[in-house]
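For reference, the chains in residue letters:
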Amino acid sequence: MKHYLIYTNKRKDKNLETTNRIKAYLEKNGQTVSIIAEQDAELDKLAFDKVKDTVCDVQCMLVLGGDGTVLRAARTVAQADIPILGINLGTLGYLTEVEPAGIEDALQRLLTEAYFTEKRLMLEGCVEYADGTREEEWALNDVVVSRSGSLQIIRYNIYVNGQLLNSYNADGMIVTTPTGSTGYNLSAGGPLVDPGADLILMTPICPHSLNQRSIVLSSKDVIEIEIPQGKDGENQTVEVNFDGSKVVKMEAGDRIRVCKSTKTIEFIRLNKVSFLEVLHKKMGE
């Protein structure tokens, strides 16, 4: 007998219809099931310390929703090292493996262990404030530094491994994993990358230059984004967004250091479909 955790976005699964369908199937086959149901827009407040008793002996987490739900679920239970199977109740669903019509087949394959797993690189971000204090977070998709408040261009000083790479005037900077390359990075004109690749991407958001494009870096590189004083000595304010959920404020004199995390997220895969095949299907929808 195994313990399964169902993590559901209630906005996508109204009345928990699909959740209860999965729960009934698993319990009928002798399995134990727990449920975490997201209530509303306050989705990322389910911190690990609030659910650790629920997930302590879980062997698999089924996530019902879209890519955003998968990211929030991964953040919630990352410390528990639980493999994730995404069930798509959203739109594109790059991070989800199963469509609603294939749920029973997927559950049967889980029960018979007819699957394999795939680990994904994660990022660790450490905000270093001018007063010497720090704040650490991590991301499966991306770490985004963007302007806060009025519509103004922000100047960013970018360092790689302690060496100044460039200074950008832009709306923001995206540091992304290969998994996150299909997200904000893609919308900002960045390249698509196979999620199994071992690298880090950096893409400026609306740069005020014709020759500033994405940069592909080694996963061993350490990126630092410094917020200097603006023109005429004005204070620049920005916010750092981790996977579209956790937000941290920064201002002139602060910096954030981003590098490959020691954490990884493990996804359950039922079919050996290549990234290019998935990309072809999703981009045609």
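In this text, all values refer to a predicted model and were calculated from it rather than measured experimentally. (Residues numbered from 1 in each chain as written. Predicted model: local features only at pLDDT ≥ 70, side-chain atom pairs only at ≥ 80, totals over all residues. Heavy atoms only, no water.)

A word on the pattern of salt bridges
A side chain with one charge may pair with a side chain of the opposite charge, provided their charged atoms come close.
1) Next: Using the criterion set out here, one finds 13 salt bridges in the structure.
2) Next: Linking K2 and E113 is a salt bridge whose minimum nitrogen-to-oxygen distance equals 2.9 Å. You can see K2 sitting in the segment before β1 (3-9) and its partner E113 sitting in the loop between α4 (103-111) and β5 (116-128), a full 111 residues away along the chain.
3) Next: Exposure remark for K2: the relative accessible area of 24% places this residue in the partly exposed category.
4) Next: Connected through salt bridges with shared partners, the residues E97, E118, R120 and R269 form a single ionic network. (Salt bridge = Lys/Arg side-chain N within 4 Å of Asp/Glu carboxyl O. Helix = DSSP H or I, 4+ residues; strand = E, 2+ residues; numbered from the N terminus. Buried < 20%, exposed > 50% of the residue type's maximum accessible area, 1.4 Å probe, protein only.)

Quick notes on the nonpolar core
1) Next: Formed by 27 residues in total, the largest nonpolar core has its most connected members in Y156, I225 and I256.
2) Next: Sort the elements by how many residues they give to this core and strand β8 (residues 154-160) lands first, with four residues.
3) Next: Counting 21 residues, the second-largest nonpolar core is a separate cluster that includes V55, A73, I82 and F267. (Core = buried A, V, L, I, M, F, W, Y, C linked by side-chain atoms within 4.5 Å.)

Description of the packing of aromatic side chains
1) Next: Per the counting criterion, the structure on display carries zero aromatic pairs.
2) Next: Between R255 and the ring centre of Y159, over which it is positioned, the NZ or CZ distance is 5.2 Å. (Phe/Tyr/Trp six-rings, centres within 6.5 Å; stacked < 30°, edge-to-face > 60°. Lys NZ or Arg CZ within 6 Å of the ring centre and 35° of its normal.)

A closer look at the confidence of the model for the chain
1) Next: In this model, the chain carries an average pLDDT of 87, and 90% of its residues clear a pLDDT of 70 or more.
2) Next: Note that pLDDT drops below 50 for residues 40-44; the model gives that stretch eight contacts with residues more than four away or on any other chain. (pLDDT = per-residue confidence, 0-100. Contact = heavy atoms within 4.5 Å.)

Considerations on the side chain of S219
1) Next: Checked against the element boundaries, S219 lands in the loop between β12 (215-218) and β13 (223-226).
2) Next: Reaching out from S219, the side chain makes a polar contact with the side chain of D198 at a distance of 2.9 Å.
3) Next: The contact partners of S219, leaving out residues within four places of it in the chain, are L121, D198, L199, I200 and K260. (Polar contact = N/O pair within 3.5 Å; in protein donor to acceptor, adjacent residues only side chain to side chain.)

Considering the packing of helix α1 (residues 17-28) against α4
When two helices pack together, their arrangement is given by the angle between their axes and by how far apart the axes lie.
1) Next: Closest axis-to-axis distance for the α1/α4 pair is 11 Å, and the angle between their directions is 40°. The handedness of the crossing between α1 and α4 comes out as right-handed. Contact residues: T18, R21, I22, Y25 and L26 in α1; I103, E104, L107, Q108 and L111 in α4.
2) Next: Here the residues of the contact of α1 with α4 are counted per class, giving six nonpolar, two polar and two charged. (Axes fitted to C-alpha atoms, helices over the stretch in contact; angles between N-to-C directions. Left-handed = near helix turned anticlockwise from the far one by under 90°. Nonpolar A, V, L, I, M, F, W, Y, C, P; charged D, E, K, R; others polar.)

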